[in-house]
Amino acid sequence: MPFDYKKEYKEFYLPPAKPQLVHIPKMQFVAVRGKGNPNDCDGEYQKALAILYAISYTIKMSKMGDHRIEGYFDYVVPPLEGFWWQEKNGIIVPGFDYKDKSSFNWISVIRLPDFVRQKDFEWAKESVTEKKGLDCTRAELLTIEEGDCVQIMHKGAYDDEPASIKLMDEYALANGWQLDFSATRLHHEIYLSDPRKTSTENLKTVIRHPVMRRTNNE
């Protein structure tokens, strides 16, 4: 059976519908950075998704071709994820203005197995460009170590996320933690549902925020 990250690491992908603390280790992803409304049909976000999925499945299906990846094992392509933020005067601002999605900054990612090395990633990019005609110059092999976080399973519309985020913030503060956002520690979402096939009220999204221990004088 193919290795399934969601089943093997349920603590990362299937949290309860109430806040919990979790420590996230180092992981690597295929990533594309951009800015703009993710709902624009022909926008940069949709183009980024095409690149992410093409590279992800090219690596997964490498077993069927001539390129051999050292240490390869069959696996289920993990779910789409995204790191999101908004800025004002070049500074990351807390929270989100969901009415101004055009100002969203994002790093859209899909997890890759640890056996993928830079040379394999470059091969996949070249293969996708050659076979599918996609410009993959924006794609990067990105390593992220999130560390301590609070997370929750949000069910429902993306625009309704503030209610779940409020629960996360309250939980963190009540348990001696504080939010720790920065240019490298961002609002993180993992999409467990396909919005094209799932009703809005049944969408499942993991929301994750970075935290740090509060000091005694705070």
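The structure we're discussing is the one just above.
Below is a short write-up of the structure.

The rules we used
- Residues numbered from 1 in each chain as written.
- Predicted model: local features only at pLDDT ≥ 70, side-chain atom pairs only at ≥ 80, totals over all residues.
- Heavy atoms only, no water.
- Buried < 20%, exposed > 50% of the residue type's maximum accessible area, 1.4 Å probe, protein only.
- Helix = DSSP H or I, 4+ residues; strand = E, 2+ residues; numbered from the N terminus.
- Pairing = 2+ DSSP bridges.
- Expected span 1.5 Å × (residues − 1).
- Arc of directions from axis to C-beta.
- Contact = heavy atoms within 4.5 Å.
- Phe/Tyr/Trp six-rings, centres within 6.5 Å; stacked < 30°, edge-to-face > 60°.
- Lys NZ or Arg CZ within 6 Å of the ring centre and 35° of its normal.
- Axes fitted to C-alpha atoms, helices over the stretch in contact; angles between N-to-C directions.
- Parallel < 35°, antiparallel > 145°, perpendicular 65-115°, else oblique.
- Left-handed = near helix turned anticlockwise from the far one by under 90°.
- Nonpolar A, V, L, I, M, F, W, Y, C, P; charged D, E, K, R; others polar.

1. Some thoughts on the pairing of strand β2 (residues 80-88)
Next, step 1: With respect to burial, β2 is a largely interior element, 7 of its 9 residues being buried.
Next, step 2: Summarising the sheet, β2 and strand β7 (residues 187-191) pair through 4 bridges and their orientation is antiparallel. Bridged to Gly82 within β7 is Glu189.
Next, step 3: Where β2 lies against strand β3 (residues 91-93), 3 bridges are found, and the strand directions are antiparallel.

2. Examining helix α4 (residues 118-132)
Next, step 1: Taking 1.5 Å of rise per residue, 15 residues should cover 21 Å, and α4 covers 21 Å from first to last C-alpha, within 8% of that figure.
Next, step 2: Along α4, the positions that sit buried rather than exposed are Asp120, Phe121, Ala124, Lys125, Ser127 and Val128. Angular distribution of buried residues about the axis of α4 spans 165°; they occupy a single face of the element. Structural note: α4 exposes Lys119, Glu126 and Glu130 on the side pointing more than 90 degrees away from its buried face.
Next, step 3: Those residues of α4 hidden inside the fold are in contact with β1 (20-35), α3 (44-60), β4 (105-112) and β5 (140-155).
Next, step 4: In the segment just after α4, Gly133 is the residue with positive phi, at about 70°.

3. Some thoughts on the packing of aromatic side chains
Next, step 1: Considering all chains together, one arrives at 17 aromatic pairs under this definition.
Next, step 2: Their ring planes at 70° and their centres at 6.0 Å tell us that Tyr75 and Phe115 sit as a pair that is edge-to-face. Of the two residues, Tyr75 is situated in the loop between α3 and β2 and Phe115 in the loop between β4 and α4; the sequence distance between them amounts to 40 residues.
Next, step 3: The interplanar angle of 75° and the centroid separation of 5.7 Å between the aromatic rings of Trp84 and Phe104 together place this pair among those described as edge-to-face. You can see Trp84 sitting in strand β2 and its partner Phe104 sitting in the loop between β3 and β4, a full 20 residues away along the chain. In this structure, Trp84 and Phe104 share a single accessibility class: buried.
Next, step 4: Taken together, the aromatic side chains of Phe3, Tyr5, Tyr9, Phe12, Tyr72, Phe73, Tyr75 and Phe115 make up a single cluster linked through ring pairs.
Next, step 5: The ring of Tyr75 is capped by Lys60, whose NZ or CZ atom sits 5.7 Å from the centre of that ring.
Next, step 6: Taking NZ or CZ as reference, Arg111 lies 5.5 Å from the ring centre of Tyr9, over its face.

4. Observations regarding helix α5 (residues 161-174)
Next, step 1: In this model α5 runs 20 Å from its N-terminal to its C-terminal C-alpha over 14 residues, within 8% of the 20 Å that 1.5 Å per residue would give.
Next, step 2: Within the sequence span of α5, burial applies to Glu161, Ser164, Ile165, Met168 and Ala172. Looking straight down α5, one finds that the buried residues subtend no more than 100° of arc, so they occupy a single side. What points out from α5, more than 90 degrees from its buried face, is the exposed set Ala163, Lys166 and Ala174.
Next, step 3: On the buried face of α5, the contacting elements are β5, β6 (177-179), β7 and β8 (204-213).
Next, step 4: Positive phi appears at Gly176, one or two residues downstream of α5, with a value of about 85°.

5. Here's the deal with unusual backbone geometry
Next, step 1: If you check the backbone angles, Asn89 has positive phi at about 55° while not being a glycine.
Next, step 2: Within the secondary structure, Asn89 is located in the loop between β2 and β3.

6. Digging into the packing of α3 against α4
Next, step 1: Contact geometry for α3 and α4: axes closest at 9 Å, N-to-C directions at 115°. Relative to α4, the element α3 lies roughly perpendicular. Two packed elements cross with a definite hand, and for α3 against α4 that hand is right-handed. Side by side, α3 and α4 meet where Ala54, Ile55, Thr58 and Ile59 of the first sit next to Phe121, Trp123, Ala124, Lys125, Ser127, Val128 and Lys132 of the second.
Next, step 2: Along the lines of polarity and charge, the residues of the contact of α3 with α4 split into 7 nonpolar, 2 polar and 2 charged.

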